[in-house]
Amino acid sequence: MAEATCTAAEVAEKVGCNPIFAKNRLLQLADRGKLCKKLKGRTWGFRSLEKEK
């Protein structure tokens, strides 16, 4: 997988929610196969599936 394009904190800032809520929701979406996820250190990064192709 290529490098992740955004973190949960960046998503939370854009949509105006709590970073922990954003992380949990993004992890759920990744587990359902709608996003790609990658753990680097202690930070989760997320990537759209369209960018994988």
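Above this text you will find the structure in question.
Note that the structure is predicted; figures quoted are calculated from it, not measured.

Here we look at the nonpolar core
Move 1: Counting residues in each nonpolar core, the largest one holds six residues, listed as Ala-8, Leu-26, Leu-27, Ala-30, Leu-35 and Phe-46.
Move 2: Of all the elements, helix H2 (residues 19–31) adds the most residues to this core, at three residues.
Move 3: For Ala-30, the residues in contact, after removing those within four places along its chain, are Leu-35 and Lys-37.

A closer look at the pairing of strand E2 (residues 35–40)
Move 1: Bridge analysis of E2 against strand E3 (residues 43–48) gives six bridges, and the strand direction is antiparallel. Looking at the pairing, Lys-37 lines up with Phe-46 of E3.

As for the pattern of salt bridges
Move 1: This structure, assessed with the given rule, holds one salt bridge.
Move 2: One salt bridge connects Lys-37 with Asp-31, and the closest N-O pair in it is separated by 2.7 Å.
Move 3: Under the relative-accessibility criterion, Lys-37 is labelled partly exposed at 33%.
Move 4: When its relative accessible area of 57% is taken as the criterion, Asp-31 is described as exposed.

With respect to the packing of helix H1 (residues 8–15) against H2
Move 1: One can describe the packing of H1 onto H2 by two numbers: an axis separation of 8 Å at closest approach and a directional angle of 115°. Classified by the angle their axes make, H1 and H2 are roughly perpendicular. Viewed along their axes, H1 and H2 form a crossing whose handedness is right-handed. Where H1 abuts H2, its residues Ala-8, Ala-9, Val-11 and Ala-12 lie against Pro-19, Ala-22, Lys-23 and Leu-26.

Quick notes on the sheet that holds E2
Move 1: The three strands lie next to each other as E1-E3-E2, forming an open sheet whose pairing is antiparallel. Both edges of this open sheet fall to strand E1 (6–7) and E2, since each of them pairs with a single strand only.
Move 2: With two bridges connecting them, E1 and E3 associate as antiparallel partners. Directly across from Thr-7, in E3, lies its bridge partner Gly-45.
Move 3: Running at roughly 120° to E2, H2 makes contact with E2 and E3 of the sheet.

The rules behind these values
Residues numbered from 1 in each chain as written. Predicted model: local features only at pLDDT ≥ 70, side-chain atom pairs only at ≥ 80, totals over all residues. Heavy atoms only, no water. Core = buried A, V, L, I, M, F, W, Y, C linked by side-chain atoms within 4.5 Å. Buried < 20%, exposed > 50% of the residue type's maximum accessible area, 1.4 Å probe, protein only. Helix = DSSP H or I, 4+ residues; strand = E, 2+ residues; numbered from the N terminus. Contact = heavy atoms within 4.5 Å. Pairing = 2+ DSSP bridges. Salt bridge = Lys/Arg side-chain N within 4 Å of Asp/Glu carboxyl O. Axes fitted to C-alpha atoms, helices over the stretch in contact; angles between N-to-C directions. Parallel < 35°, antiparallel > 145°, perpendicular 65-115°, else oblique. Left-handed = near helix turned anticlockwise from the far one by under 90°.

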